[in-house]
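Structural characterization, general
The primary structure of each chain is shown beneath.
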Amino acid sequence: MDPTPALPPPVPPMLATPGDPPAGPAWSFEFKWDGVRAVTGVAGERIRAHSRRGNDVTAAYPELADLVALLDGRPALLDGEIVALDESGRPDFGTLQHRMHVRSPDPQLLERIPVSYIVFDLLHLDGVPLLEETYDRRRELLEGLGLAGSRVQVPPPAVGVSGAQLLQVARAHGLEGVVGKRRASRYEPGRRSTAWIKTALLHTQEVVIGGWTSGEGRRANSIGALLLGAYDADGSLRYLGHVGTGFTEAALRSLLPELHAREQAESPFDEEVPRDEARKARWVRPELVGEVVYRVLTKDGRLRHAAWRGLRTDKDPAEATIGGGAHASG
């Protein structure tokens, strides 16, 4: 009997550059999935999934084990997005939040909030690395694997349609946006490449929590607002404003001890926070990354009408850069 094949070595995922949808036959398009990235290696009965930051998240998402049977022993390295789907089959990031921070979910949580793995790239197959192959060739090999399970999907790419058209389809179906991928491009591990262009329908911003204020009324013993920042091109932590809406009760309960554990005496921001906001602030070390959705970014760089979406444990604080979130289009 042949020995069990080795797991393909993990690679950091290739990243897309924000922009308007590209046009022309050189591009293929996929929907943008609102979840957490995972590069997953499978070989025989073994499986290992890594987050965008390189953390092993295999135990957190046991649904990925479906890949073992689907691949029937073939060693492969897959790139995709872990999502929680609502009743209409749309990714719901708020629901996924209840799974993102649980390292070993119990059966009740797995039943209440199952996740799916949306696979969109194939990086290694049968002992052969595919990083130098074109996107078209990698997709051809991926679709040839027949990965169709209860918790694994391989949505087909759209070729021969414009990115603008597909963006309208995404809008009509309540999806996050589209990603255009140059069909002749190779896979560039860990690099934010212009060979992939992402266009989102929401204004979102990755943020670093630099402080918080206590709530009032029913939230008197909890969080009133978070004070947020992001890094500029010079590496300075700029103040972007505060967010006080969009929190679930569970999010508030889980955030509070994280904030208490990181309290410090001085503001972590590299610019002065407005006095009326700083006066009540409790400062924290800038270690927690989150995401907000907002309506407008003012001329002085403040988020207006912002709502909290949740912590992003899959991101490093240095990745929270001004303009580094997904920008709306159309």
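As a reminder, the structure under discussion sits directly above these lines.
No experiment lies behind these values; they were computed from the predicted model shown.

**Comments concerning the overall build of the protein**
Secondary structure summary: the protein contains 7 helices and 19 strands in total. A burial count over the protein gives 50% of its 330 residues as buried. Sequence separation of 24 or more characterises 70% of the internal contacts of the protein that already satisfy a separation of 6 or more. Summing over all exposed atoms, the protein offers an accessible surface of approximately 15500 Å²; the carbon and sulfur share of this is 50%. Of the side chains in the protein, 40 bear a positive and 44 a negative charge, and the two mean positions are spaced by 4 Å.

**Side note on helix α4 (residues 135-143)**
Burial in α4 covers these residues: Tyr135, Arg138, Arg139 and Leu142. Here the buried residues of α4 occupy an arc of 100 degrees about the axis, which is enough to place them on one side. Turning to α4, the residues buried within the fold contact β2 (27-32), β5 (76-83), β6 (116-125), β10 (177-182) and β11 (192-200).

**Points about the nonpolar core**
Of all hydrophobic cores here, the largest spans 31 residues; its most connected members are Tyr61, Leu67, Leu78 and Ile82. If you list the elements that add at least two residues to this core, you get β3 (36-43), β4 (46-51), α1 (66-71), β5, α2 (93-100) and β6. In terms of residue count, the dominant contributor to this core is β6 (4 residues). Each residue touching Leu67, except ones within four places of it in the same chain, is listed here: Thr40, Val42, Ile47, Leu78, Tyr117, Leu147 and Val152. If you look at the next biggest cluster of nonpolar residues, it comprises 22 residues, including Val207, Leu252, Leu259 and Val284.

**Topic: the sheet that holds strand β1 (residues 15-18)**
Ordered by their spatial adjacency, 5 strands build an open sheet running β1-β11-β10-β2-β9, and the pairing between neighbours is mixed. Edge positions in the sheet fall to β1 and β9 (158-159), since each of these pairs with one other strand and no more. Strand direction decides the pairing type here: β2 and β10, joined by 6 bridges, are antiparallel. Within β10, the position partnered with Phe29 by the bridge is Gly180.

**A short note on unusual backbone geometry**
Positive phi, close to 55 degrees, is recorded for Asp72, a residue that is not glycine. Relative to the helices and strands, Asp72 is located in the loop between α1 and β5. Judged by relative accessible area, Asp72 falls into the exposed class, the value being 65%. For Asp126, which is not glycine, the phi dihedral falls at a positive 55 degrees. Within the element layout of this structure, Asp126 appears in the loop between β6 and β7 (128-129).

**Side note on the packing of aromatic side chains**
Evaluation of the coordinates by the stated rule reveals 5 aromatic pairs. Consider the rings of Tyr187 and Trp196, whose centres lie 5.8 Å apart with planes at 80 degrees: the pair is edge-to-face. On the accessibility criterion, Trp196 (2% relative accessible area) is buried. Ring geometry for Tyr239 versus Phe269: centroids 5.2 Å apart, planes at 75 degrees, classification edge-to-face. Taken together, the positions of Tyr239 in strand β14 (residues 237-243) and Phe269 in the loop between α6 (249-260) and α7 (275-278) put the pair 30 residues apart, joining distant regions of the chain.

**A look at the pattern of salt bridges**
One pass over the structure, following the stated rule, counts 25 salt bridges. Two residues, Glu188 and Arg191, come together in a salt bridge whose shortest N-O distance is 2.5 Å. Glu188 sits in the buried class, given a relative accessible area of 14%. Given the relative accessible area of 45%, Arg191 is considered partly exposed. Notably, a salt bridge pairs Arg262 with Glu287, separated by 3.0 Å at the nearest N-O pair. Taken as a pair, Arg262 in the loop between α6 and α7 and Glu287 in the loop between β15 (282-283) and β16 (289-293) lie far apart in primary sequence, 25 residues in all. Taking relative accessible area as the criterion, Glu287 reaches 37% and is therefore assigned partly exposed.

**Quick look at the side chain of Glu63**
If you trace the backbone, Glu63 turns up in the loop between β4 and α1. From its side chain, Glu63 meets the backbone nitrogen of Val115 in a polar contact 3.2 Å long. Those residues in contact with Glu63, other than ones at most four positions away along the chain, are Arg99, Leu110, Ile113, Pro114, Val115 and Arg151.

How each quantity is defined
Residues numbered from 1 in each chain as written. Predicted model: local features only at pLDDT ≥ 70, side-chain atom pairs only at ≥ 80, totals over all residues. Heavy atoms only, no water. Helix = DSSP H or I, 4+ residues; strand = E, 2+ residues; numbered from the N terminus. Buried < 20%, exposed > 50% of the residue type's maximum accessible area, 1.4 Å probe, protein only. Contact = heavy atoms within 4.5 Å. Areas by Shrake-Rupley, 256 points an atom, 1.4 Å probe, with all protein chains shown as cover. Lys, Arg positive; Asp, Glu negative; His and termini not counted. Charge placed at Lys NZ, Arg CZ, Asp CG, Glu CD. Arc of directions from axis to C-beta. Core = buried A, V, L, I, M, F, W, Y, C linked by side-chain atoms within 4.5 Å. Pairing = 2+ DSSP bridges. Phe/Tyr/Trp six-rings, centres within 6.5 Å; stacked < 30°, edge-to-face > 60°. Salt bridge = Lys/Arg side-chain N within 4 Å of Asp/Glu carboxyl O. Polar contact = N/O pair within 3.5 Å; in protein donor to acceptor, adjacent residues only side chain to side chain.

In short, shape yes, function no, at least from these values alone.
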